[in-house]
Amino acid sequence: MVVTDNLQKTSEPARFNLAAYLKERQRLCETALDQSIPVVYPEKIYDAMRYSLLAGGKRVRPILCLATCEMIGGSIEMAMPTACAVEMIHTMSLIHDDLPAMDNDDYRRGKLTNHKVYGEDIAILAGDGLLALAFEFVASQTPENVPTQRTLQVIARLGKALGAAGLVGGQVVDLESEGKSDISLETLNFIHNHKTAALLEACVVCGGIIAGASPEDVQKLTRYSQNIGLAFQIIDDILDITATQEQLGKTAGKDLTAQKVTYPSLWGIEESRAKAQQLVEEACAELESFGEKAAPLQAIAHFIINRNH
Ligand SMILES: C=C(C)CCOP(=O)(O)OP(=O)(O)O
Ligand SMILES: [Mg+2]
Ligand SMILES: [Mg+2]
């Protein structure tokens, strides 16, 4: 008994089968995303939106949203429209991030980038279409057993997370900092917390709100997700150095060629990895009061730093 108690208190859930869990959740998300966009006239834009949305990807963001909703006591059905919406928003951000005017990348998710296939004009519009659909989807598809007040909060949080106070603001400072060698750790943290962590935070917190999380729960979820968000981008920047194009599905080594200041460029790979590990441990500790129900979110936090792509 004592041994079991101790095991349950460790931050790394030993008996949770993460691989099987992720596979099952990815399958659910793929099906829902596939059904979210029809192909009608003018087919070109729907094709372009589907091309990037259904190009694979780990589906970490929708899975986080579903897992949090379930941990707080809600169902997968309640959170699925929001889960689809965060993946639409994320995909929009990738399409636009890859444009020649931004990071100018040719590959994403193992395929040519959207603008390489459809042209820059359509790629910009495909991003716009996905962004608009995300909000329409939450508002029109969230089931009736979710109180409208919660859905409104989700819409407001998503808007804030991806706008100038979030992802967009982070991308601006990221671009502004390119080629500069005197970027402070404070600025680097601003970039990561905004361009990456803000949306991850919204995924988690919105999943909780849909299930009726209390203000105290929302605080815990916020701290958990801010920590995994920063860890996510630190690992992304390490992988840019250590992983191959085949593993990443996108061109490796881009941060160095684009002269981006990153954690590994400031601190080296090992210290950056240790920082990410520490952030994930702090994230998992925030969820201890949820007991065994926190196992999926704790395992996903570890996945974020142990992933190879
Ligand atoms: C915010 C960042 C660092 C872009 C990559 O995100 P992911 O690594 O989650 O990309 P996919 O799996 O969704 O393709
Ligand atoms: Mg970028
Ligand atoms: Mg990029």
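Procedures and definitions
Residues numbered from 1 in each chain as written. Chains lettered and ligands numbered in written order. Predicted model: local features only at pLDDT ≥ 70, side-chain atom pairs only at ≥ 80, totals over all residues. Heavy atoms only, no water. Donors = N, O, S within 2.8 Å, 3.2 Å for Na, K, Ca; no water. Buried < 20%, exposed > 50% of the residue type's maximum accessible area, 1.4 Å probe, protein only. Phe/Tyr/Trp six-rings, centres within 6.5 Å; stacked < 30°, edge-to-face > 60°. Helix = DSSP H or I, 4+ residues; strand = E, 2+ residues; numbered from the N terminus. Lys NZ or Arg CZ within 6 Å of the ring centre and 35° of its normal. Salt bridge = Lys/Arg side-chain N within 4 Å of Asp/Glu carboxyl O. Axes fitted to C-alpha atoms, helices over the stretch in contact; angles between N-to-C directions. Parallel < 35°, antiparallel > 145°, perpendicular 65-115°, else oblique. Contact = heavy atoms within 4.5 Å. Nonpolar A, V, L, I, M, F, W, Y, C, P; charged D, E, K, R; others polar. Near = heavy atom within 4 Å. Polar contact = N/O pair within 3.5 Å; in protein donor to acceptor, adjacent residues only side chain to side chain.

A. Layout of the coordination of the magnesium ion (ligand 2). In the first shell of the magnesium ion (ligand 2), the protein supplies D97 (OD) and D103 (OD), at 2.2 Å from the metal. The distance between the magnesium ion (ligand 2) and the magnesium ion (ligand 3) comes to 3.2 Å, with D97 serving as a donor to both metals. D103 shares its class with D97; the two are buried.

B. Spatial organisation of the packing of aromatic side chains. Counted under the stated rule, the structure contains three aromatic pairs. Taking the centre distance of 5.6 Å and the plane angle of 70° together, the rings of Y51 and Y118 count as edge-to-face. On the criterion of sequence distance, the pair formed by Y51 in helix α3 (residues 43–53) and Y118 in helix α6 (residues 114–118) is long-range, its members being 67 residues apart. Residue Y118 is classed as partly exposed on the basis of its relative accessible area of 22%. Here the aromatic rings of Y263 and W267 are separated by 5.0 Å at their centres, their planes lie at 80°, and the arrangement is edge-to-face. One end of the pair is Y263 and the other is W267, both in helix α14 (residues 263–267) and four residues apart, which spans about a single turn. R61 extends its terminal NZ or CZ atom over the ring of F232, reaching a point 5.1 Å from the ring centre. If you follow R307 out to its NZ or CZ, it ends over the ring of F232, 4.0 Å from the centre.

C. Examining the pattern of salt bridges more closely. The full count for this structure, using the stated rule, is 16 salt bridges. Between E70 and R25 there is a salt bridge, with the nearest N and O atoms lying 2.6 Å from each other. Of this pair, E70 sits in helix α4 (residues 60–72) while R25 sits in helix α2 (residues 18–36), and the two are 45 residues apart along the sequence. Given a relative accessible area of 30%, E70 falls into the partly exposed group. One salt bridge connects R108 with D98, and the closest N-O pair in it is separated by 2.8 Å. Here the residue R108 occupies a position in strand β1 (residues 107–108), and D98 occupies one in the loop between α5 (76–97) and β1, the gap between them amounting to 10 residues. The same class applies to R108 as to D98, namely buried. Via salt bridges that share partners, D103, D174, E178, K195 and K260 belong to a single interconnected network.

D. Quick peek at the packing of α2 against α4. At a closest axis distance of 10 Å, the pairing of α2 and α4 adopts a crossing angle of 105°. Between α2 and α4, the angle falls in the class roughly perpendicular. Taking contact as the criterion, the partners of Y21, L22, R25, Q26 and C29 in α2 are, on α4, P62, I63, L66, A67 and E70. Here the residues of the contact of α2 with α4 are counted per class, giving seven nonpolar, one polar and two charged.

E. The arrangement of the site of ligand 1 in detail. As a matter of local geometry, ligand 1 sits amid G57, K58, R61, H90, L94, R109, T196, F232, Q233, D236 and R307. Separating an oxygen atom of ligand 1 from a side-chain N or O atom of R61 is a distance of 2.7 Å. A distance of 2.7 Å separates an oxygen atom of ligand 1 from a polar side-chain atom of R109. Of all the secondary-structure elements, those providing two or more residues to the shell around ligand 1 are α5 and α11 (215–242). By residue number, the principal contributor to the shell around ligand 1 is α11, which donates three residues. Across the shell around ligand 1, the residue classes break down as two nonpolar, four polar and five charged.

Scope: geometric values only; no functional claims are made or implied.
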